[in-house]
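For reference, the chains in residue letters:
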Amino acid sequence: ATGLNRPVAITNAGDASGRLFITLQTGKILIYDDLQLLATPFLDISSLVSTAGEQGLLSVAFHPDYTNNGFLYVNYTNTDGATVIARYRVSSDPNVVDQATATILLTVPQPFGNHNGGQLQFGPDGYLYIGMGDGGSGGDPSNLAQDLTTLLGKMLRIDVDKGLPYTIPQDNPFVGNPQARDEIWSTGLRNPWRFSFDRQTGDMFIADVGQRSWEEVNFQPSTSLGGENYGWRLMEASQCYNPAIGCNNGSLDLPILEYDHSDGNCSITGGYRYKGSQNPKLYNLYIYGDFCSGRIWGALKDETGIWWSTELLDTEYRISSFGEDENGVIYFAHRASNTGAIYLISQTN
């Protein structure tokens, strides 16, 4: 798939169709049907979307029961710069969304134009998870990632199956706390641009884009009850940020992986733990990359619980996202204006 205008997400619908859904930052979702890109967009909400800088249509997630209910959910920044989570339903044509079915579930004002997060994923529990950045600027000037009264700088978890616009899972960690938003699942995130779930274990990997020096991957086991604090802006990865010393009282959850900004690295793009059968050499690797350097790494946990990362490939691509197809094969997007492309990752012999 080539000639794409700023692709930023790759998704499958889990409907046994074999289709890949390619999200363009400019406001369209295209379908690759295993043979070609279809000429007609699956969804086109370009008129609703602001696409300046890091803003745009940022991801789509398909309901776990999409085959029966036809629901899909999108995350975009509107023309006011606010994050919008909206639900749509597919039309009688399986390759076209009925845009008249739009229902806005959540709108989150953004104080600045960057750090919008943008990822949507349904967890193994059937709830919708929403990655929210800290609201932007630099250094989280209002310390929003540590402020439980705002949704910014958090991982959110909502139930889209019980009532509209949504309901709160009663086991969310801050339910009943009058000083916190009930939607919050975890805190202390700067810009969780991409996160994913292990399709077999349900473990969660959150790649959080760093400030000026460090990139990180955070890990939440499937047994977690939520409430983790991943440290920002107290810490950037495992390093103190603000304050410069004495930043961790022992309550923060440190990353499993981190790397610095040497050798052209600048912005982590989170990926997936490979669980497909086509590439056995890649099995169980958490595959991720860097937007600026084009490097792709694979990480494994050893028997002592320590994670180790190995460079798999050094590319010239602007890696904006990874995605899985229904069989667990992993792809990545090269984000470029009108020359973007989707690439399949496979092992060498």
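Residues numbered from 1 in each chain as written. Predicted model: local features only at pLDDT ≥ 70, side-chain atom pairs only at ≥ 80, totals over all residues. Heavy atoms only, no water.

Draft legend 1. Looking closely at the state of the cysteines. The final tally for this structure, using the stated rule, is two disulfides. The disulfide that involves Cys 240 links it to Cys 247, with 2.1 Å between the sulfurs. Residues Cys 240 and Cys 247 are joined by a disulfide whose S-S torsion is about -80°; by sign, that bridge is left-handed. A residue is classified by how much of its surface remains accessible, and Cys 247, at 8% relative accessible area, is buried. The disulfide partner of Cys 266 is Cys 292, and the gap between their sulfur atoms is 1.7 Å. Residues Cys 266 and Cys 292 are joined by a disulfide whose S-S torsion is about 45°; by sign, that bridge is right-handed. Note that Cys 266 is positioned in the loop between strand 18 (257-260) and strand 19 (268-273) and Cys 292 in the loop between strand 20 (286-290) and strand 21 (295-301), a separation of 26 residues in sequence. Taking only the cysteines that form disulfides and numbering them from first to last, the chain has the pattern 1-2, 3-4. (Disulfide = S-S within 2.5 Å. Buried < 20%, exposed > 50% of the residue type's maximum accessible area, 1.4 Å probe, protein only. Helix = DSSP H or I, 4+ residues; strand = E, 2+ residues; numbered from the N terminus.)

Draft legend 2. Region of the structure containing the sheet that holds strand 11 (residues 155-158). Reading across the sheet, the four strands line up as 9-10-11-12 and stay open at both edges, with antiparallel pairing between neighbours. For this open sheet the edge positions go to strand 9 (120-122) and strand 12 (184-186), each flanked by a neighbour on one side alone. Ignoring which end each strand starts from, the neighbouring axes of this sheet average 30° apart. Here strand 11 pairs with strand 12 via two bridges, running antiparallel. Residue pairing in the sheet places Met 155 in a bridge with Ser 186 of strand 12. (Pairing = 2+ DSSP bridges. Axes fitted to C-alpha atoms, helices over the stretch in contact; angles between N-to-C directions.)

Draft legend 3. Focus on the nonpolar core. Grouped together as the largest cluster of nonpolar side chains are 23 residues, with contacts concentrated most on Tyr 73, Leu 106, Leu 120, Leu 128, Ile 130, Leu 156 and Val 160. Of all the secondary structure elements, the ones that give two or more residues to this core are strand 6 (71-77), strand 8 (97-108), strand 9, strand 10 (128-131) and strand 11. With three residues, strand 8 is the largest single contributor of residues to this core. Discounting chain neighbours no more than four positions away, the residues touching Leu 106 are Thr 83, Val 84, Ile 85, Ile 130, Leu 151, Leu 156 and Tyr 166. (Core = buried A, V, L, I, M, F, W, Y, C linked by side-chain atoms within 4.5 Å. Contact = heavy atoms within 4.5 Å.)

Draft legend 4. Highlighting empty space enclosed by the protein. Under the criterion given, the structure shown has one cavity of 30 Å³ or more. Considering the residues around the largest cavity, the lining is formed by Gly 188, Arg 190, Asp 208, Val 209, Gly 210, Glu 216, Tyr 230, Trp 232, Met 235 and Glu 236. Residues belonging to the lining of the largest cavity are distributed by class as follows: four nonpolar, two polar and four charged. (1 Å grid on protein atoms, 1.4 Å probe; cavity = no way out; pocket = protein on both sides within 12 Å on 5 of 7 lines; lining within 4 Å. Points joined across faces, edges and corners; volume = space filled by probe spheres on them. Nonpolar A, V, L, I, M, F, W, Y, C, P; charged D, E, K, R; others polar.)

Draft legend 5. View of the pattern of salt bridges. Under the definition given, this model contains ten salt bridges. Between Asp 171 and Arg 157 there is a salt bridge, with the nearest N and O atoms lying 2.9 Å from each other. Linking Asp 171 in the loop between strand 11 and strand 12 with Arg 157 in strand 11, this pair joins segments that are 14 residues apart in sequence. On the basis of relative accessibility, which here comes to 4%, the residue Arg 157 falls in the buried class. Beyond isolated ion pairs, a larger network of salt bridges with shared partners links Asp 198, Asp 203, Arg 273 and Lys 275. (Salt bridge = Lys/Arg side-chain N within 4 Å of Asp/Glu carboxyl O.)

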